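What the coordinates show
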Amino acid sequence: MRKVITYGTYDLIHVGHINLLKRAKELGDYLVVVLSSDEFNAIKHKTAYHSFEDRKIILESIKYVDEVIPEFNWEQKISDVIDNDIDVFVMGDDWKGEFDFLKDYCEVVYLPRTEGISTTKIKNDLHLGAKVR
Ligand code: C2G
């Protein structure tokens, strides 16, 4: 079984996230998503609208996702890859090059981001009273 892993906050789930998860799953048979804890988000200077528990429930309902585990720090990726017998590490290409150190442990793939959508854009548009369809 070819196992794939990816990381993220996955707040306010949108098509950019779904496109990433879909393509990541297509690279193997089993997809592990390592989901940023609320505490780690603070380290990333990110605030999520949904709690870790709710973001986990939402991710687990997505058909491409097989397992969701917590991300507590920047340092856990090598042990995550080893402990979960991972074959492929996948991230959007806004991270291109940042995780190449994992090439000693698994394949590393950076996928093109989906243009025109982001959690930040959603928050800004709603704040500015964007016309909600
Ligand atoms: N993404 C994408 N297209 C978008 C928005 C996001 O392909 N329009 C991808 C990102 O590249 C990432 C994943 O969706 O691979 C999750 O995005 P975030 O939740 O923003 O993840 P991030 O905060 O970058 O967390 O240790 C790594 C970090 O946890 C990554």
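Residues numbered from 1 in each chain as written. Predicted model: local features only at pLDDT ≥ 70, side-chain atom pairs only at ≥ 80, totals over all residues. Heavy atoms only, no water.

**Considering the site of the ligand**
Put simply, the rule reads: Whether a residue is near a molecule or strand is decided by its heavy atoms; if any one of them lies within 4 Å of it, the residue is near. Pairs of N or O atoms are called polar contacts if they sit within 3.5 Å, as long as, within protein, a hydrogen donor faces a hydrogen acceptor (for residues adjacent in sequence, only side-chain-to-side-chain pairs). Where accessible areas are quoted, they stem from the Shrake-Rupley method and a 1.4 Å probe; at the residue level, only the protein chains shown are allowed to cover. A run of DSSP states H or I qualifies as a helix once it reaches four residues; a run of E qualifies as a strand once it reaches two. Both are numbered from the N-terminal end. Basically, the charged four are Asp, Glu, Lys and Arg, the nonpolar ten are Ala, Val, Leu, Ile, Met, Phe, Trp, Tyr, Cys and Pro, and anything else, Gly included, counts as polar.
Taken together, the neighbourhood of the ligand is formed by 21 residues, with Lys46, Glu71, Asp94, Thr114 and Ile117 sitting nearest. In this structure, Thr9 approaches the ligand through a main-chain N or O atom, which is 2.9 Å from an oxygen atom. About the coverage of the ligand: the protein hides 95% of its 640 Å² of free accessible area. Of all the secondary structure elements, the ones that give two or more residues to the shell around the ligand are strand 1 (3-8), helix 1 (15-26) and strand 4 (88-92). For the shell around the ligand, the element with the highest residue contribution is helix 1, accounting for 3 residues. Across the shell around the ligand, the residue classes break down as 7 nonpolar, 8 polar and 6 charged.

**A word on the side chain of Lys44**
What counts, and what does not: Only protein chains enter the area calculation, which uses a 1.4 Å probe; residues under 20% of their type maximum are buried, those over 50% are exposed, and those in between are partly exposed. In summary, the charge assignment counts Lys and Arg as positive and Asp and Glu as negative, without counting His or the chain termini. The salt bridge criterion pairs a side-chain nitrogen of Lys or Arg with a carboxyl oxygen of Asp or Glu, the two atoms within 4 Å. Residue contacts follow a heavy-atom distance rule, with two residues in contact if any of their heavy atoms lie within 4.5 Å.
Looking at the secondary structure, you find Lys44 in the loop between helix 2 (38-43) and helix 3 (52-60). Within the buried core, Lys44 has no salt-bridge partner, and the shortest N-O distance to an opposite charge, that of Glu71, equals 4.3 Å. A polar side-chain atom of Lys44 sits 2.8 Å from a polar atom in the side chain of Ser36. Setting aside chain neighbours within four positions, we find Lys44 in contact with Gly8, Thr9, Ser36, Glu71 and Trp74.

**Structural notes on the side chain of Lys77**
In this fold, Lys77 is placed in helix 4 (residues 77-83). When its relative accessible area of 2% is taken as the criterion, Lys77 is described as buried. If we ignore the near neighbours within four places in the chain, the residues touching Lys77 are Tyr7, Glu71, Phe89, Phe99 and Leu102.

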